[in-house]
Amino acid sequence: MAFRKYTIMKRSLYFLVSFLFAYTTFGQGYEEKIKSIYDHQLSESPVYENLRYLCKEIGNRLSGSPQAAAAVEYTKQLMESYGFDTVYLQPVMVPHWVRGDKEVVRVTNTKKYGTISLNSLALGNSVGTGPKGLLLNVIEVENIAALKKLGKKVEGKIVFINTKMDPTLINNFEAYGGAVITRAYGASEAGNLGAKAVIVRSVTNRLDDTPHTGSLVYKPLMPQIPAVAVSTKDAEKLSEMIRDQDDLKIYLRTTSQMLSDVLSYNVIGEIKGSTNPEEIIVVGGHLDSWDVGEGAHDDGGGCMMSVEVGRTFLALGIKPKRTLRVVMFMNEENGLRGGKKYAEIAKKKGEITIAALESDSGSFFPEGYTMMGTEAQRNKIKSWKPLFLKYGMYDFDQLGSGADISPLEDQGPLLMELLPNTQKYFIYHHTAADILEAVDKRELEMGAAALTSMVYLIDQEGI
Ligand SMILES: [Zn+2]
């Protein structure tokens, strides 16, 4: 039968390809080396203890905060203690936003519930309402397009933009990308139409009482109005109340404000290449976090996994051919100043970055990598997939990279981001629930091993 013949042919071809692969790659001991990296991570890695220290002894660390400064010092000392060749701080000015008092979002005149408070968090970079707060009518729209259609009807009101993440998208980051536009630009667009404040639905699929913060971006020349996120359960409730009652009023009070920029740092640890030191491989995460929770998944885990790449090379006596640079980027969450500064300095110095890897999608079980680069670069990485399959890494097909490494794009490196399972990330993302206990030790170690193994192959083979 044709089908059977095709299957046999396909199978023979598969064995031939596997054999050639084994001959060219496994033959060089890569399979054994990667096994030794995984064995090391899964049996004697300090990565979880290092994350514990960052989360519990330092805590959340928004740019400009004393905890962010402490995290800079901690990761510098950590890399020094492991014997990196050089560890240094790269100065960068960062925004300094402060949340102020606990937010108040209170519906004051509901027929059904009387006065009712909603679980809320001010959005990062938002201005406050002032100490007296605002008491205004509220109007609901589904998204920014619907808001623009309403036009001046929102004038003088609080606008509630109730954008849901699309639950049918399997890749949660895609769903996040669709919904996060509201959080980022809702305030500017509503302010532009004369609204006085904005309430957005938290960007998560889960229906619960936990509000999610995150950055908003004020567009130039548009009025800056206060913005908060409410939990998804409260978003549902608010929507129901607005449906029942068109004279609904909300009292909103936030005292957040943007202070002057503060001097902070990217933390850089380097291991010099033995044969091609001018070629640099970057691996990193962002050291800052939101000012709620502990920044465990976002992105303490990514930082500690990245430190592990350098530490594991040193512990296993792997001498990199190329220069390995571990970078703790500052200010990804509300400005990306660290990522931009790193790329700016690299360009000024004429550095040759051949690849940059980031981990900033949570510390869940790693399933592959997203990539941005030439087809030849991506195919080369994909040809190593057989080495990763037995560790559960199968997905090397998606395009994408990380925020902090993205400013390096015009300097030509292959950009990659570790791709963990995405299903649970948005339960914790930017919330008080993003704490150490939300990270599984073994999954974190698997991530560190995956990152170290990939950096090892790129170092050996070039890209
Ligand atoms: Zn992040």
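Structure: above.
Residues numbered from 1 in each chain as written. Predicted model: local features only at pLDDT ≥ 70, side-chain atom pairs only at ≥ 80, totals over all residues. Heavy atoms only, no water.

Attention now moves to empty space enclosed by the protein. By the definition in use, this model includes 1 cavity of 30 Å³ or more. Put simply, the largest cavity is a space of about 50 Å³. What lines the largest cavity is simply Ser289, Trp290, Val292, Gly295, Asp298, Glu333, His430, Thr431 and Asp434. Residue composition of the lining of the largest cavity, by class: 2 nonpolar, 4 polar and 3 charged. (1 Å grid on protein atoms, 1.4 Å probe; cavity = no way out; pocket = protein on both sides within 12 Å on 5 of 7 lines; lining within 4 Å. Points joined across faces, edges and corners; volume = space filled by probe spheres on them. Nonpolar A, V, L, I, M, F, W, Y, C, P; charged D, E, K, R; others polar.)

Surrounding the zinc ion are the protein donor atoms His286 (NE2), Asp298 (OD), Asp360 (OD) and Asp360 (OD), at 1.9 to 2.7 Å. One can describe the site at the zinc ion as irregular: its 4 donor atoms subtend angles covering 51 to 144° at the metal. Donor residues for the zinc ion, ordered by position in the chain, follow H-x11-D-x61-D. Placement of the pair is histidine 286 in strand 11 (residues 276–286) and aspartate 360 in the loop between strand 13 (352–358) and strand 14 (366–372), with a sequence separation of 74 residues. With respect to class, histidine 286 is no different from aspartate 360; both count as buried. (Donors = N, O, S within 2.8 Å, 3.2 Å for Na, K, Ca; no water. Tetrahedral: all angles 85-135°; square planar, octahedral: opposite > 155°, others 65-115°. Helix = DSSP H or I, 4+ residues; strand = E, 2+ residues; numbered from the N terminus. Buried < 20%, exposed > 50% of the residue type's maximum accessible area, 1.4 Å probe, protein only.)

Okay, the state of the cysteines next. A covalent bond between the sulfur atoms of two cysteines is referred to as a disulfide. A full pass over the atoms with the stated rule returns 0 disulfides. For the unlinked cysteine cysteine 303, the closest cysteine sulfur is that of cysteine 55, found at 10 Å. (Disulfide = S-S within 2.5 Å.)

Let us now look at the sheet that holds strand 13. Read across the open sheet, the 7 strands follow the order 1-10-12-11-13-15-14; overall the sheet is mixed. Of all strands in the sheet, those bounded by a partner on one side alone are strand 1 (86–98) and strand 14. Going across the sheet, the axis of each strand differs from the next one's by a mean of 20°, ignoring polarity. Those strands touched by helix 4 (residues 66–81) are strand 1, strand 10 (257–271) and strand 12 (322–329), and its axis lies near 5° from that of strand 10. With respect to the sheet, helix 10 (residues 375–382) is in contact with strand 14 and strand 15 (414–420), its orientation differing from that of strand 15 by roughly 40°. (Pairing = 2+ DSSP bridges. Axes fitted to C-alpha atoms, helices over the stretch in contact; angles between N-to-C directions. Contact = heavy atoms within 4.5 Å.)

Looking now at the pairing of strand 12. With 8 of 8 residues buried, strand 12 is to be regarded as a mostly interior element. Two elements, strand 10 and strand 12, share 5 bridges in a ladder whose sense is antiparallel. Bridging across to strand 12, valine 267 finds its partner in methionine 328. Note that strand 11 and strand 12 share 8 bridges and pair parallel. Bridged to valine 282 within strand 12 is arginine 325. What joins strand 11 to strand 12 is helix 8 (residues 296–315), and the crossover it makes is right-handed. (Right-handed = clockwise from strand over helix to strand, strands pointing away.)

Moving on, we get to the pattern of salt bridges. This model, assessed by the stated rule, comprises 27 salt bridges. A salt bridge links glutamate 31 to lysine 390, with the nearest nitrogen and oxygen atoms 3.5 Å apart. One end of the pair, glutamate 31, is in helix 2 (residues 30–44); the other, lysine 390, is in the loop between helix 11 (385–388) and strand 15, with 359 residues separating them in the sequence. Given a relative accessible area of 54%, lysine 390 falls into the exposed group. For glutamate 155, the salt bridge is made with lysine 152, and the minimal N-O distance between the two is 3.9 Å. Classification of lysine 152 by relative accessible area gives exposed; the value is 52%. A single salt-bridge network, built from bridges that share partners, covers Arg99, Lys102, Glu103 and Asp291. (Salt bridge = Lys/Arg side-chain N within 4 Å of Asp/Glu carboxyl O.)

Position of glutamate 332 among the secondary structure elements: in the loop between strand 12 and helix 9 (337–348). Despite being buried, glutamate 332 has no salt bridge partner; arginine 183 is the closest side chain of opposite charge, sitting 8.2 Å away. At a separation of 3.3 Å, a polar atom in the side chain of glutamate 332 contacts the side chain of histidine 286. Not counting the four nearest positions on each side in its chain, glutamate 332 is found in contact with His286, Asp288, Asp360, Ala403 and Asp404. (Lys, Arg positive; Asp, Glu negative; His and termini not counted. Polar contact = N/O pair within 3.5 Å; in protein donor to acceptor, adjacent residues only side chain to side chain.)

In this section: the packing of aromatic side chains. According to the stated counting rule, one finds 13 aromatic pairs in the structure shown. Taking 6.3 Å as the distance between ring centres and 85° as the angle between the ring planes, the aromatic pair formed by tryptophan 97 and tryptophan 290 counts as edge-to-face. With tryptophan 97 in strand 1 and tryptophan 290 in the loop between strand 11 and helix 8, this pair connects stretches of sequence that are 193 residues apart. Between the aromatic rings of phenylalanine 388 and phenylalanine 396, the centroid separation amounts to 5.9 Å while the plane-to-plane angle is 45°, which identifies the pairing as tilted. The two residues phenylalanine 388 and phenylalanine 396 agree in class, both being buried. (Phe/Tyr/Trp six-rings, centres within 6.5 Å; stacked < 30°, edge-to-face > 60°.)

Here the largest pocket defines a volume of roughly 800 Å³. What lines the largest pocket is a set of 36 residues, and nearest its centre among them are Tyr176, Val180, Glu332, Ala403 and His429. Going through the elements one at a time, helix 6 (172–192), strand 15 and helix 12 (425–428) are the ones with two or more residues in the lining of the largest pocket. Looking at which element gives the most residues to the lining of the largest pocket, the answer is helix 6, with 8 residues. Grouping the amino acids of the lining of the largest pocket by side-chain chemistry returns 15 nonpolar, 15 polar and 6 charged.

The next point concerns the pairing of strand 10. In this sheet, strand 10 lies alongside strand 1 in antiparallel orientation, the contact comprising 12 bridges. When the bridges of strand 10 are listed, proline 91 appears paired with tyrosine 265.

Given a rise of 1.5 Å per residue, 12 residues ought to cover 16 Å, and the 16 Å separating the end C-alpha atoms of helix 9 matches this to within 8%. Where helix 9 terminates, the next one or two residues include glycine 350, which has phi positive at roughly 65°. (Expected span 1.5 Å × (residues − 1).)

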